[in-house]
Amino acid sequence: MSANKPDMPKQVSWFNGCGGRIGVGGGRSAEHAYIGMSLRHDEDADVEHILKHGARFPLQAALLLPVSKSYPVYEEAGEK
């Protein structure tokens, strides 16, 4: 399985599909959004997996979807 460019999550939208939950995740770099299936029982791990291995999804379309969860922004200097 190929991997996408590493990115920190910005937001995710979840939908119930025929075979389980489908997530559309957007990263901080905002080049693309990614779509994939929920494979774990940990939402944050699912989002990380979708950003790493999901299929590209049009960013402008992803921004129109209702946001299920937003992730906070942390500075590179380690500030929280």
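A brief look at the structure comes next. (Residues numbered from 1 in each chain as written. Predicted model: local features only at pLDDT ≥ 70, side-chain atom pairs only at ≥ 80, totals over all residues. Heavy atoms only, no water.)

**So, the pairing of strand β1 (residues 9-17)**
- Of the strand pairs in this sheet, β1 and strand β2 (residues 20-27) are connected by eight bridges, and their pairing is antiparallel. Bridge pairing links Q11 to G26 in β2.
- Hairpin geometry of β1 and β2 is characterised by an intervening segment of two residues between the two adjacent antiparallel strands.
- Sheet topology places β1 next to strand β5 (residues 69-70); two bridges connect them, and they run antiparallel. When the bridges of β5 are listed, Q11 appears paired with S70. (Pairing = 2+ DSSP bridges. Helix = DSSP H or I, 4+ residues; strand = E, 2+ residues; numbered from the N terminus.)

**Let's talk about the environment of G54**
- Here G54 lies in the loop between α1 (43-53) and β4 (55-57).
- Among all residues touching G54, those that are not within four sequence positions of it are N4, Y34, I35 and H49. (Contact = heavy atoms within 4.5 Å.)

**Quick look at the sheet that holds β1**
- Taking strand neighbours across the sheet as the criterion, the five strands line up as β4-β3-β2-β1-β5 in an open arrangement whose pairing is antiparallel. Two strands lie at the open edges of the sheet, namely β4 and β5, each paired on one side alone.
- Lying over the sheet, α1 contacts β1, β2, β3 (33-37), β4 and β5, oriented at roughly 100 degrees with respect to β1. (Axes fitted to C-alpha atoms, helices over the stretch in contact; angles between N-to-C directions.)

**Quick word on the pattern of salt bridges**
- According to the stated counting rule, one finds one salt bridge in the structure shown.
- Put simply, D44 and K69 hold a salt bridge, and the shortest N to O gap is 2.7 Å. Here D44, found in helix α1, pairs with K69, found in strand β5; they are 25 residues apart in sequence, far enough to count as distant.
- Residue D44 is classed as partly exposed on the basis of its relative accessible area, which comes to 37%. (Salt bridge = Lys/Arg side-chain N within 4 Å of Asp/Glu carboxyl O. Buried < 20%, exposed > 50% of the residue type's maximum accessible area, 1.4 Å probe, protein only.)

That is the geometry; function is a separate question.
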